[in-house]
Amino acid sequence: MRFLERERAVLTKMLPGLDESLRAVPLMELESPRSPGIGLFRDSGGPGLLVPVSCKGKGASALDALRVQRALGSRSPSLAVATTMHHFSMATLVGLVTDGEGLEWMLVEGVASGNRLVASGFAEGRPGAGILSPSMTATVGSDGVRISGVKRPCSLARSMDLLTASVLVPGERGARDELAVALVPAESEGVSVSGFWSSSFLSGAESDQVTLTDVLVPPELLVRTSGLDGRLDELQTAGLVWFELLMTGSYLGVASALVERVLLNERVPESERVRLLVEAEGAMAAAEGVARRLDEGCPDESTLADSLYVRYCVQDALARIVPRAVELLGGLNFMSSDEVGHLAACANGLSLHPPARSRMTGPLATHLADGPLTVT
């Protein structure tokens with residue numbers, strides 16, 4: 001089997017035509033602020049990747065999704081990162097409404113059937129906060145909830161149809177305050193998008209600033225967590241595992257694009273080509289182990305710990321793979337095109353996503369000593 005053949009086969013199976021469409025567009029065009037990549041993803045049915053088939057989605061397993069993200073990363077780093085944030089939001093929403101009925105489930109079905117893109121306003125980037133910790137302020141009125149706040153960077157900012165946001169609302173019938181997830185239509189009055197991402201790297205991910213100013217969210221677009229008291233921590237754990245897994249696969253795909261170029265270069269010694277191949281496939285095998293655990297059932301604290309171990313392990317692997325691949329490709333490849341330098345720079349992005357390894361040293365040490373795992 002050729003390098004990346006398995007991943008691209010899964011991409012073609014789940015999202016027919018997308019790989020061919022991406023391959024037809026020059027890399028640097030896919031990586032530009034006006035990239036057609038997000039539109040191509042939408043047209044292929046990508047928004048429903050993690051939505052069950054019973055709700056008009058693609059019903060992808062975690063293993064399938066990991067392989068899809070690696071394949072996307074090898075074609076367009078920006079698209080892989082942006083779509084990971086959509087999948088993160090969708091995995092969380094699907095987890096919130098697992099009973100398969102009611103208005104909430106209709107919202108999930110609507111995203112899949114309408115190929116709507118969902119940007120994440122969750123608190124995945126805030127130190128010490130769970131993914132569902134309120135990231136915006138909310139006031140409750142007779143007509144719904146009014147939300148204000150800022151999310152930056154927010155991938156898919158200019159292409160999103162909906163923004164997810166966690167809010168704290170009064171409990172029903174006088175109960176204590178409870179968490180809720182609001183789905184904010186992008187065209188809502190009070191929603192604005194402004195520039196934030198000034199780097200040329202990953203600019204196709206549309207990671208700009210989204211500002212909500214007294215935005216009205218009607219009750220039918222508010223998913224309450226009151227019935228999830230015993231599962232809320234499980235859902236937050238699952239959300240973080242999905243985030244770490246798919247981000248890891250996306251950036252491994254970026255590095256794989258460089259490895260693929262080396263493997264196709266017959267002037268590079270076989271020993272060097274095989275060395276890079278072993279590193280890349282070993283890293284992917286580790287990530288696939290986490291995906292299989294996620295597919296086995298609701299992930300627990302140990303699964304989250306493993307997802308972090310693998311993510312940091314892959315970071316170290318990329319730190320070896322990327323510079324070696326650039327060196328083996330040689331100066332002419334680097335000087336004659338922006339592609340090699342761009343891929344090399346983008347592949348370093350995994351280390352910039354939360355939670356940073358330096359902040360998790362203490363919590364992971366505590367977990368290894370049989371203490372609870374906290375994410376900071």
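To be clear, the structure that these remarks concern was listed above.
These numbers were taken from a predicted model, which means no experiment stands behind them. (Residues numbered from 1 in each chain as written. Predicted model: local features only at pLDDT ≥ 70, side-chain atom pairs only at ≥ 80, totals over all residues. Heavy atoms only, no water.)

Enquirer: For the overall build of the protein chain, give the residues involved together with the corresponding values.
Expert: For the protein chain, the count of helices and strands is 12 helices and eight strands. Scaling as 2.2 N^0.38, a compact globule of 376 residues should have a C-alpha radius of gyration of about 21 Å, and the protein chain matches this with 20 Å. Residues classed as buried in the protein chain amount to 55% of the 376 residues present. Sequence-distant contacts in the protein chain: of pairs separated by 6 or more residues, those separated by 24 or more amount to 75%. In the structure as shown, the protein chain presents an accessible area of about 15800 Å², 52% of it carried by carbon and sulfur atoms. Here the protein chain contributes 33 positively and 45 negatively charged side chains, and the mean placements of these two sets differ by 4 Å. (Helix = DSSP H or I, 4+ residues; strand = E, 2+ residues; numbered from the N terminus. Rg over C-alpha atoms; globule rule 2.2 N^0.38 Å. Buried < 20%, exposed > 50% of the residue type's maximum accessible area, 1.4 Å probe, protein only. Contact = heavy atoms within 4.5 Å. Areas by Shrake-Rupley, 256 points an atom, 1.4 Å probe, with all protein chains shown as cover. Lys, Arg positive; Asp, Glu negative; His and termini not counted. Charge placed at Lys NZ, Arg CZ, Asp CG, Glu CD.)

Enquirer: Pulling in residues and values, what's your account of unusual backbone geometry?
Expert: Looking along the chain, the bond that leaves Arg152 and enters Pro153 is cis, with omega of -10 degrees. Looking at the secondary structure, you find Pro153 in strand 3 (residues 144–154). Pro355 follows Pro354 through a cis peptide bond whose omega is -5 degrees. Examined against the element boundaries, Pro355 turns out to sit in the loop between helix 11 (339–347) and helix 12 (357–368). For Asn115, which is not glycine, the phi torsion reads 50 degrees and is therefore positive. When you line up the elements, Asn115 lands in the loop between helix 7 (103–113) and strand 1 (118–120).

Enquirer: Go over the pattern of salt bridges with me, naming the residues and quoting the values.
Expert: Side chains that differ in sign of charge can pair as their charged atoms come close. In this structure the tally under the stated criterion is 23 salt bridges. Its salt-bridge partner being Asp214, residue Arg146 comes within 3.8 Å of it at the nearest N-O pair. Residue Arg146 is found in strand 3, and its partner Asp214 is found in strand 7 (residues 208–217); the two are separated by 68 residues along the sequence. With relative accessibility at 28%, the residue Arg146 sits in the partly exposed group. Judged by relative accessible area, Asp214 falls into the partly exposed class, the value being 41%. With a shortest N-O distance of 2.9 Å, Arg311 and Glu244 are connected by a salt bridge. Of this pair, Arg311 sits in helix 10 (residues 301–336) while Glu244 is found in helix 8 (residues 232–263), placing the two residues 67 residues apart along the sequence. Assigned by exposure class, Arg311 and Glu244 land together as buried. Members of the salt-bridge network, linked through shared partners, are Arg6, Glu7, Arg67, Arg70, Glu281, Glu288 and Arg292. (Salt bridge = Lys/Arg side-chain N within 4 Å of Asp/Glu carboxyl O.)

Enquirer: Describe the environment of Thr83, naming the residues involved and giving the relevant values.
Expert: Here Thr83 lies in helix 6 (residues 77–96). A relative accessible area of 1% places Thr83 in the buried class. Distance in space between the C-alpha atoms of Thr83 and Pro47 is 8.2 Å, their sequence separation being 36 residues. The residues contacting Thr83, other than those within four sequence positions of it, are Phe41, Gln69 and Leu72.

Enquirer: Before we move on, can you summarise the environment of Ala9 with the specific residues and values?
Expert: With respect to the helices, strands and loops of the structure, Ala9 is situated in helix 1 (residues 5–14). Taking the C-alpha atoms as reference, Ala9 lies 8.9 Å from Ala71; in sequence the two are 62 residues apart.

Enquirer: Report on the sheet that holds strand 3, specifying residues and quantitative values.
Expert: Reading across the sheet, the four strands line up as 2-3-7-6 and stay open at both edges, with antiparallel pairing between neighbours. Taken across any chain shown, the strands that pair with only one partner, and hence form the sheet edges, are strand 2 (137–141) and strand 6 (191–194). Taken over all neighbouring pairs, the strand axes of this sheet differ in orientation by 10 degrees on average, direction set aside. Pairing of strand 2 with strand 3, which is carried by five bridges, proceeds in the antiparallel orientation. From the neighbouring strand, Thr137 faces strand 3, where its bridge partner is Ser148. (Pairing = 2+ DSSP bridges. Axes fitted to C-alpha atoms, helices over the stretch in contact; angles between N-to-C directions.)

Enquirer: Quick rundown of the nonpolar core? Include the residues and the values.
Expert: Core analysis: the largest hydrophobic core is formed by 121 residues, its most contacted members being Ile147, Leu163, Val184, Leu212, Leu245 and Leu258. The element best represented in this core is helix 8, accounting for 16 residues. Contacts of Leu245, omitting those with residues within four sequence positions, involve Ala62, Leu66, Ala287, Val290, Ala291 and Leu294. (Core = buried A, V, L, I, M, F, W, Y, C linked by side-chain atoms within 4.5 Å.)

Enquirer: Outline the sheet that holds strand 4 (residues 162–169), supporting the account with residue identities and numerical values.
Expert: The mixed open sheet is built from four strands, whose spatial order is 1-4-5-8. The open sheet has two edge strands with one neighbour each: strand 1 and strand 8 (222–224). Along the sheet, successive strands turn relative to each other by an average axial angle of 35 degrees, direction set aside. Taken together, the three bridges between strand 1 and strand 4 define a ladder with parallel strand orientation. Among the inter-strand pairings, Ala119 is bridged to a residue of strand 4, identified as Leu163. Helix 6 contacts strand 1, strand 4, strand 5 (178–185) and strand 8 of the sheet and is inclined by roughly 95 degrees relative to strand 1.

Enquirer: Can you tell me about the packing of helix 5 (residues 62–75) against helix 9 (residues 270–296), naming the residues and giving the values?
Expert: Between helix 5 and helix 9, the shortest axis-to-axis distance is 8 Å and the interhelical angle comes to 145 degrees. For the pair formed by helix 5 and helix 9, the contact residues are Ala62, Leu63, Leu66, Arg67 and Arg70 on the first element and Ala280, Glu281, Met284, Ala287, Glu288, Ala291, Arg292, Leu294 and Asp295 on the second.

Enquirer: Just give me the short version of the environment of Leu117, but keep the residues and values in it.
Expert: For Leu117, the location among the structural elements is in the loop between helix 7 and strand 1. Once residues lying within four places of it in the same chain are set aside, the contact partners of Leu117 are Ile38, Phe41, Arg42, Pro47, His86, Ser159, Met160, Asp161 and Leu162.

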